[in-house]
Amino acid sequence: MAADCGANCARWLLCLANFIFICVSTGVLIVGTWLAADKASFVNLTLNVTTSKDSPTSPFDSENAEKILKEFVEPAVIEQAAYILIAAGAFILIISFLGYCGAIKESRVLLTAYGIFLIIIFALQVALILLCTLYKSQADHHSKGFLKSTLSKYYTTGENKDAVTLSWDLIMAQMSCCGVDGYEDFRTARLFVEKSSAEGLGRQVPESCCILTGDPLLSKPADPSCIISPTQSNSFLSTGCYDKFSFMVTENLNLVIGVVVVVAATQLLAIIFSFCLCRAVGQERDYYYKY
């Protein structure tokens, strides 16, 4: 064991932090695997828990909760969510395992690998922030292009909504916006146009673009004619989600900077602790070899 007090503090802090991340990532990995392997049991359990009379997780009545959950647990949604959870859980688990085992076993190899991985992650984050700052106009252009492509290729209406459609509905309902730049984005949404034509209602926008009544998750327009004749008074047809999000970030810039600083400081401390402990272990072993 490294005899230095600072090295011991670094060791146990690394052990504690990485043990917490191991527990969290294992839980994420288990949920992701469960979703990928057996969607039916997850759907049933979620419905039973959320729609229970005594459930604190249900802010609305059982019928509405069941409707929302059934939309969000469509096979396509579950499948996509499962793969994302598995990938994220496995990545965090591997990094945390290196840090925990390296600290508890005082392994210089594992600690070095852990530190190098964190340096790479930190460098990628810094590079991304710098690129987005220096090339803001290009970043905005490409970001908008990507978001519009998700609408034009995947957004639909009616039954059997996928993860992309449900995600957009949730964003638009919660942020009170419509499309990337406005309602005209839905004119190029191929699946949306096809389904709207099949409906025969003359739909121009989805319900989530309208001013809603009740819980936003239910996407119930206050004016039923909004989807056919959207106006400034019954919808957010001219309010793009991209500009709305940019405005929200600007309004809460101090909070965003604070979060970035905390995350960066945590990563830097983990890097410093790992290499300090690695050095202390090396010095201690050199001492034992000499004497």
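This text goes with the structure placed above it.
Description of the structure in this document. (Residues numbered from 1 in each chain as written. Predicted model: local features only at pLDDT ≥ 70, side-chain atom pairs only at ≥ 80, totals over all residues. Heavy atoms only, no water.)

**Focus: the pattern of salt bridges**
Where charged atoms from two side chains of opposite charge come close, those side chains can pair.
Consideration 1: Applying the stated criterion across every chain, the model contains 7 salt bridges.
Consideration 2: The salt bridge partner of K136 is D140, with a shortest N-O separation of 3.0 Å. Placement of both K136 and D140 in helix α6 (residues 136–154) is noted, with a separation of 4 residues, approximately one turn of the helix.
Consideration 3: Here K148 and D181 are joined by a salt bridge, their closest N and O atoms 2.7 Å apart. In this pair, K148 sits in helix α6 while D181 sits in the loop between α7 (163–175) and α8 (190–199), placing the two residues 33 residues apart along the sequence.
Consideration 4: What makes K148 partly exposed here is its relative accessible area of 32%. (Salt bridge = Lys/Arg side-chain N within 4 Å of Asp/Glu carboxyl O. Helix = DSSP H or I, 4+ residues; strand = E, 2+ residues; numbered from the N terminus. Buried < 20%, exposed > 50% of the residue type's maximum accessible area, 1.4 Å probe, protein only.)

**Some points on the nonpolar core**
Consideration 1: The biggest cluster of nonpolar side chains holds 18 residues, and the ones touching the most others in it are L151, Y155, W168, M172, F186 and C209.
Consideration 2: Here this core takes 3 residues from α7, the largest share from any one element.
Consideration 3: In this view, L151 contacts W168, G179, V180, D185, F186 and A189; residues no more than four positions away in its chain are not counted.
Consideration 4: Ranked by size, the runner-up nonpolar core spans 15 residues in total, among them C15, A103, L111 and I271. (Core = buried A, V, L, I, M, F, W, Y, C linked by side-chain atoms within 4.5 Å. Contact = heavy atoms within 4.5 Å.)

**A word on the side chain of S96**
Consideration 1: Assignment of secondary structure puts S96 in helix α4 (residues 75–105).
Consideration 2: With residues near it in sequence (within four places) discarded, S96 still touches N18, F21 and I22.

**Considerations on the state of the cysteines**
Consideration 1: This model, assessed by the stated rule, comprises 3 disulfides.
Consideration 2: A disulfide bridge connects C178 with C209, and the sulfur atoms are separated by 2.1 Å. Its S-S torsion of about 85° marks the bond between C178 and C209 as right-handed, since a negative value means left-handed. In this pair, C178 sits in the loop between α7 and α8 while C209 sits in the loop between α8 and α9 (241–251), placing the two residues 31 residues apart along the sequence.
Consideration 3: Residue class for C178 comes out buried when judged on its relative accessible area of 0%.
Consideration 4: By relative accessible area, C209 is classed as buried at 1%.
Consideration 5: Two residues share a disulfide in this structure: C210 and C226, whose sulfurs sit 2.0 Å from each other. The sign of the -100° torsion about the S-S bond sets the C210-C226 disulfide as left-handed. Pair noted here: C210 is in the loop between α8 and α9 and C226 is in the loop between α8 and α9, with a separation of 16 residues, a long-range link.
Consideration 6: The connectivity of the disulfide-linked cysteines in the protein chain, indexed sequentially, is 1-6, 2-3, 4-5.
Consideration 7: Here C278 stays free of any disulfide, with the sulfur of C276 as its closest cysteine sulfur at 9.9 Å. (Disulfide = S-S within 2.5 Å.)

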